[in-house]
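Letter by letter, the chains look like this.
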Amino acid sequence: MKVKVAINGYGTIGKRVADAVRLQEDMEVVGVTKTKPDFEARLAVERGYKLYVAIPENVNRFEEAGIEISGTINDLLAECDVVVDCSPGKVGASNKPLYEKAGVKAIFQGGEKKDVAEVSFSTLANYDAAIGKDFVRVVSCNTTGLSRLLATVRRAGNIRKVRATMLRRVVDPKEDKKGLVNGIMPDPVRLPSHHGPDVQTVMPDINIITTAFKVPTTLMHVHAVSIEMPEVNADDVLAILENEPRLMLVSAEEGFTSTARIIEYARELRMRYDLFENVIWKESVAYNDGELFVTQAIHQESIVVPENVDAIRAMFELADKEESIRKTNKSLGIA
Ligand code: NAD
């Protein structure tokens, strides 16, 4: 029997998670929600998803707009085994009582505080922690990028300390109400940033301090990471990174000179130019005087999609870590 999955909030993350769940043989999308009858609501129906109204008072607006609906969020919750909450940050916590009342499991996203769920989740770091759980939070795009990298580097040796600087895309490409046109903004100004503690929600033993800046781009985040670890060989680390499918190694020599070039490649590769993998510059991987250096780019809109699929498998004990990773990777074309 397939696990019945509902997506509450068919936005940037929600539509990608819906499409990814649809590709799995052990789960199915029973419906998605929208708050307003906009073009994305119309698209959801055209793509064959049953559409439900996230805010029941808005039902009339959908009817007036001629968009076919199958009911409200309450009707959808009666149909599903698990809801993937993809509503805007902090809204998920206010939706939680609905899920508890309906007696369904729920996955929350990284915009929520960690206490919204029993466990924070990132597949490579702590898949087993989500096994059988009812409420799981998939950590944010930056935290997923850092956690995947550190969980993989750890295979090469003990990590003593991590220092990372994050250049964050200011908004997603669809945004027209906010942004930073000309400037580099320390965010936060008071250091460190919240990303280090967030990594510790999935890898509690990692000593990590992060700083972050917003920069005027919408394409990807870039992380400059320094990892203090006992003597390792950069080539050995490179081989380990190359062997991990959720990381993609690229080379400046081959033309990947910036996030713009990486996205140009992704436009040829995937729908919506999604890059589910951390993109690591090969030439950046170097070891010097006790520190390993790595620079990576993270496609914020899609990086957490595989983790949401894996989280469902862990919560319903459908597969162990390796099997879930294999199935998710194969379905999403992660080679
Ligand atoms: P989004 O604004 O693109 O989509 C949110 C969707 O939820 C919209 O369709 C909105 O109409 C809907 N919504 C609003 N109120 C709702 C409610 N009460 N109930 C249900 N749906 C509601 O946002 P997003 O970028 O997809 O972010 C969703 C979550 O994912 C946030 O927690 C965010 O922090 C996290 N996240 C975002 C990114 C990213 O870069 N976009 C990356 C990783 C994690």
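For the structure, check the block above.
Since this is a predicted model, take the numbers as computed values, not measurements. (Residues numbered from 1 in each chain as written. Predicted model: local features only at pLDDT ≥ 70, side-chain atom pairs only at ≥ 80, totals over all residues. Heavy atoms only, no water.)

**Q** Sorry if this is basic, but what is going on with helix H1 (residues 12-22) here?
**A** Structural remark: α-helix, 3.6 residues per turn; residues separated by three or four positions point the same way. With 10 of its 11 residues buried, H1 lies for the most part within the structure. Taken residue by residue, H1 has Thr12, Ile13, Gly14, Lys15, Arg16, Val17, Ala18, Asp19, Ala20 and Val21 as its buried positions. Of the surrounding secondary structure, the elements contacted by the buried residues of H1 are strand S1 (3-8), strand S2 (27-34), helix H2 (39-46), strand S5 (82-85), helix H11 (305-315) and helix H12 (321-332). (Buried < 20%, exposed > 50% of the residue type's maximum accessible area, 1.4 Å probe, protein only. Helix = DSSP H or I, 4+ residues; strand = E, 2+ residues; numbered from the N terminus. Contact = heavy atoms within 4.5 Å.)

**Q** Looking at this model, I keep getting lost on the site of the ligand. Mind explaining?
**A** Around the ligand sit 22 residues, and of these Thr12, Ile13, Arg169, Asp172 and Lys174 come closest. Ile13 has a polar backbone atom sitting 2.9 Å from an oxygen atom of the ligand. Within the side chain of Arg169, an N or O atom sits 3.1 Å from an oxygen atom of the ligand. Contact with the protein chains covers 82% of the free accessible surface of the ligand, which is 830 Å². Of all the secondary structure elements, the ones that give two or more residues to the shell around the ligand are H1 and helix H5 (91-102). Among the residues forming the shell around the ligand, the class breakdown is 7 nonpolar, 11 polar and 4 charged. Both domains that furnish three or more residues to the shell around the ligand are identified here as domain 1 (3-139 + 304-332) and domain 2 (142-298). (Near = heavy atom within 4 Å. Polar contact = N/O pair within 3.5 Å; in protein donor to acceptor, adjacent residues only side chain to side chain. Areas by Shrake-Rupley, 256 points an atom, 1.4 Å probe, with all protein chains shown as cover. Nonpolar A, V, L, I, M, F, W, Y, C, P; charged D, E, K, R; others polar. Domains from an automatic or database assignment.)

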